Amino acid sequence: MLKELWNDAEGGFHPASAPDFLPQTALKEVQLRRLRAVVARAYAKVQLFRERMDERGLTPESIQSLQDIRHLPFTVKTDLRDTYPFGLFASPMSDVVRLHASSGTTGKPIVVAYTREDVEVWSEVMARTFASCGLHRGDILQNAFGYGLFTGGLGAHYGGEALGATVIPISGGNTDRQIMLIRDFNVTSLCCTPSYFTHMVERARELGIDLRELPLRVGIFGAEPWTDGMRHHIEAEAGIKAYDIYGLSEIIGPGVAAECSAQDGLHVFEDHFYPEIIDPDTGEPLPDGEEGELVITTLSKKAMPMIRYRTRDITSLITEPCSCGRTIRRMRRIGRRSDDMFIIRGVNVFPSQVEAALMAVEGTLPHYQIILTRKGGMDRMAVEVEVTPEVFSDSIRGLEDIRARLAQSIERILGIRVELRLVEPHTIARSEGKAKRVIDRRNEG
Amino acid sequence: MKLQQLSLFLENRPGRLEAPLSAIAAEGINILTLSLADTAQFGILRLIVRDWEKAKRVLEQAGWVVNLTEVVAVDVLDRPGGLAEALRILEDADLNIEYMYAFSLRRGDKAILIFRFEDPDRAIQVLTEKGLHVVDGEELMSFVP
């Protein structure tokens, strides 16, 4: 690792970021070489993948160019469940140094494995993530991602150390202590889910602490979709720059893609994670710039290679050069995850659309929840929004007015009627990790 | 002359009133008077307390959204027409009342009303000129047992 040699406390680019700036031809060479190696490895070691290749009459030799990737079979989430726990491992347990698992709200969790080399790659891409968000040696990083089976905590921890930052491994929860340490330790940067940070902002205010007056200057947020409206709220309330990062356990955890100073799309660390966009219905690859489902192939994973993994996240790839100088491609922020979508009265709805509608009216109402019920065979959608000091004015008429404007804003975007309820602060459960935005009670009683 | 009133956002469902009142009671803060305005879905609890700064801090730390509003307390004669007379003065001066409620205690033949005006300063000036007595915070406290 490079961190021992590096002594740039003044900012600038960390040496770990070097691959972010590879010339396109060199990058493509690396990608093809690694793609061929990972396909050969998966073919030799993973039965499910070999069977699917054989069915299609493919061998590792079928990959002669990067474009040939389109012939390879997809891997989907249920493949991980069907082979639970270790069926997709390509390394013997003696080489596996770490296991993580997804929360798995329904049925069995998803298990992922790392060799020592995989952990090093993970540290590298997380160091590149933090460097891309403007962190460097000397930064004090409070890591409020949960430590444990969830990949967020340890992924960010190793990356922060690899960068040379001072990592505070506080994990999620105990919000008052989080705020105390931000203040007492002169924390300059913090990572967690955006919803948990909005909770911290709110709690700091209740405690009479103004985060804008503290040294905290960067927030690195991921593990759930959030809107630009929420970003503006966070940046204004906490006096920080808020960056979006992207990753998923099946691929490696956090560290797949990250925003840079331009805050205009997330750079995919594509020397390790090869991105494609496909039409989610036909599976056909779409050209750069078109929106579709993101598919990722891990180019260097040893313990658990993922070939053409379907993320169910909807985005598009940006090929135009970025003002930060990085040459690796960017993907647009994930606004919609197929997994989060619900259908109400025939209309497809993503929670992020509701968030965008709320933030468009009042950028100061970050706590909301969508509640779906069924009455007399008719689906109903209610949105509960917590009242904040910014919108509360001692006037009933003022509150009624906000309620009406919020409802109209949602109805305008979704085209369906919604019952909007203003609720007291802390009515909606706070999450220390991923927020639960939708409560679906349609199949109860 | 103006009084500081605390306003709290409450949802209109059973039990919501008790929690904030208990929270300030636990800090030994006595409520001088209160009023409640509500719609089918939510309401506003308005409080006048002795130590509003402490009450505001306690309520905010416990997570309530608290708004600070300036109101005016006025003495009116506690007999038929007493209030009407005060209102006529306000109307003649074109002073807008956003809402009003009665103070829970009386003093002799006087009742005290709490007014929320659009323009409290001008209201105080007009009322004083017309011979009505505007009760300030200290005086209000003095006849609370």
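Relevant structure appears above.
Anyway, here's the lowdown on the structure attached to this text. (Residues numbered from 1 in each chain as written. Chains lettered and ligands numbered in written order. Predicted model: local features only at pLDDT ≥ 70, side-chain atom pairs only at ≥ 80, totals over all residues. Heavy atoms only, no water.)

**Some remarks on the interface of chain A and chain B**
Working step 1: Across the contact, 21 residues belong to chain A and 25 residues belong to chain B.
Working step 2: In terms of surface lost to chain B, no three residues of chain A exceed F392, D394 and E424 of chain A, which account for 42% of the buried area on that side.
Working step 3: The interface formed by chain A and chain B contains two salt bridges.
Working step 4: Here E424 of chain A makes a salt bridge to R16 of chain B, at a shortest N to O gap of 2.5 Å. (Contact = heavy atoms within 4.5 Å. Buried area = accessible area lost by both parts, 1.4 Å probe. Salt bridge = Lys/Arg side-chain N within 4 Å of Asp/Glu carboxyl O.)

**Some details on the packing of aromatic side chains**
Working step 1: As enumerated under the stated definition, the model contains eight aromatic pairs over all chains in all.
Working step 2: Here F221 of chain A and W226 of chain A contribute two aromatic rings whose centre-to-centre distance is 5.6 Å and whose plane-to-plane angle is 85 degrees, an arrangement assigned as edge-to-face. You'll find F221 of chain A and W226 of chain A in the same group, each marked buried.
Working step 3: Measuring from ring centre to ring centre gives 5.2 Å for F115 of chain B and F117 of chain B, while their planes differ by 10 degrees; the resulting arrangement is stacked. Summarising the burial analysis for this pair, F115 of chain B and F117 of chain B share the class buried. (Phe/Tyr/Trp six-rings, centres within 6.5 Å; stacked < 30°, edge-to-face > 60°. Buried < 20%, exposed > 50% of the residue type's maximum accessible area, 1.4 Å probe, protein only.)

**So, the layout of surface pockets**
All names here are of chain A.
Working step 1: By volume, the second largest pocket is sized at about 350 Å³.
Working step 2: In terms of lining, the second largest pocket is formed by 17 residues, of which the most central are Y274, E276, L286, D288 and R329.
Working step 3: Within the residue set of the lining of the second largest pocket, elements represented by two or more residues are helix 1 (24–45) and strand 10 (273–278).
Working step 4: It is strand 10 that contributes the most residues to the lining of the second largest pocket, four residues altogether.
Working step 5: Here the lining of the second largest pocket is built from residues that sort into nine nonpolar, three polar and five charged. (1 Å grid on protein atoms, 1.4 Å probe; cavity = no way out; pocket = protein on both sides within 12 Å on 5 of 7 lines; lining within 4 Å. Points joined across faces, edges and corners; volume = space filled by probe spheres on them. Helix = DSSP H or I, 4+ residues; strand = E, 2+ residues; numbered from the N terminus. Nonpolar A, V, L, I, M, F, W, Y, C, P; charged D, E, K, R; others polar.)

**Concerning the sheet that holds strand 9 (residues 266–268) of chain A**
All names here are of chain A.
Working step 1: Reading across from one edge, 4-3-5-6-7-8-9-14-13 is the order of the nine strands in this open sheet, with mixed pairing throughout. Because the sheet does not close on itself, it has two edges, and the strands there are strand 4 (166–168) and strand 13 (317–318).
Working step 2: Two elements, strand 8 (residues 253–259) and strand 9, share three bridges in a ladder whose sense is antiparallel. Bridging from a neighbouring strand, A257 pairs with V268 of strand 9.
Working step 3: Across the sheet, helix 7 (residues 194–206) touches strand 5 (189–192) and strand 6 (218–221), and the angle it forms with strand 5 is around 125 degrees. (Pairing = 2+ DSSP bridges. Axes fitted to C-alpha atoms, helices over the stretch in contact; angles between N-to-C directions.)

**Side note on the pattern of salt bridges**
All names here are of chain A.
Working step 1: All chains considered together, the criterion is met by 46 salt bridges over all chains.
Working step 2: The salt bridge involving R128 is made with D271; its shortest N-O contact spans 3.0 Å. Linking R128 in helix 4 (residues 116–132) with D271 in the loop between strand 9 and strand 10, this pair joins segments that are 143 residues apart in sequence. Like R128, the residue D271 is buried in the burial classification.
Working step 3: Residues R337 and D313 are paired through a salt bridge, measuring 2.7 Å at the closest nitrogen-oxygen approach. Here D313 lies in strand 12 (residues 309–315) and R337 lies in strand 15 (residues 336–337), a separation of 24 residues in the sequence.
Working step 4: By relative accessible area, which is 1% here, D313 ends up buried.
Working step 5: Sharing partners across several salt bridges, the network here consists of D20, E124, R128, D271 and R326.

**A few points about the packing of helix 6 (residues 175–184) of chain A against helix 7 of chain A**
Residues and elements named next belong to chain A.
Working step 1: In the contact formed by helix 6 and helix 7, the axes pass within 10 Å of each other and the chain directions differ by 75 degrees. Classified by the angle between their axes, helix 6 and helix 7 sit roughly perpendicular to one another. Contacts between helix 6 and helix 7 pair T175, D176, Q178, I179 and I182 from the former with Y196, H199, M200, R203 and A204 from the latter.
Working step 2: Taken together, the residues of the contact of helix 6 with helix 7 sort by class into five nonpolar, three polar and two charged. (Parallel < 35°, antiparallel > 145°, perpendicular 65-115°, else oblique.)

**Some words on the environment of L207 of chain A**
Residue and element names in this part refer to chain A.
Working step 1: Along the chain, the position of L207 falls in the loop between helix 7 and strand 6.
Working step 2: The class for L207 is partly exposed, based on a relative accessible area of 25%.
Working step 3: Put simply, L207 and L88 are 119 residues apart on the chain and 48 Å apart in space, counted from C-alpha to C-alpha.

**Points about the pairing of strand 12 of chain A**
Along any regular strand the residues' side chains alternate between the sheet's two faces.
Residue and element names in this part refer to chain A.
Working step 1: Among the seven residues in strand 12, six count as buried, and that is most of the element.
Working step 2: Relative to strand 12, strand 11 (residues 292–298) runs antiparallel, the two sharing four bridges. The partner of V295 across the bridge, within strand 12, is R310.
Working step 3: In this sheet, strand 15 lies alongside strand 12 in antiparallel orientation, the contact comprising two bridges. Counted as the bridge partner of I314 is R336 from strand 15.

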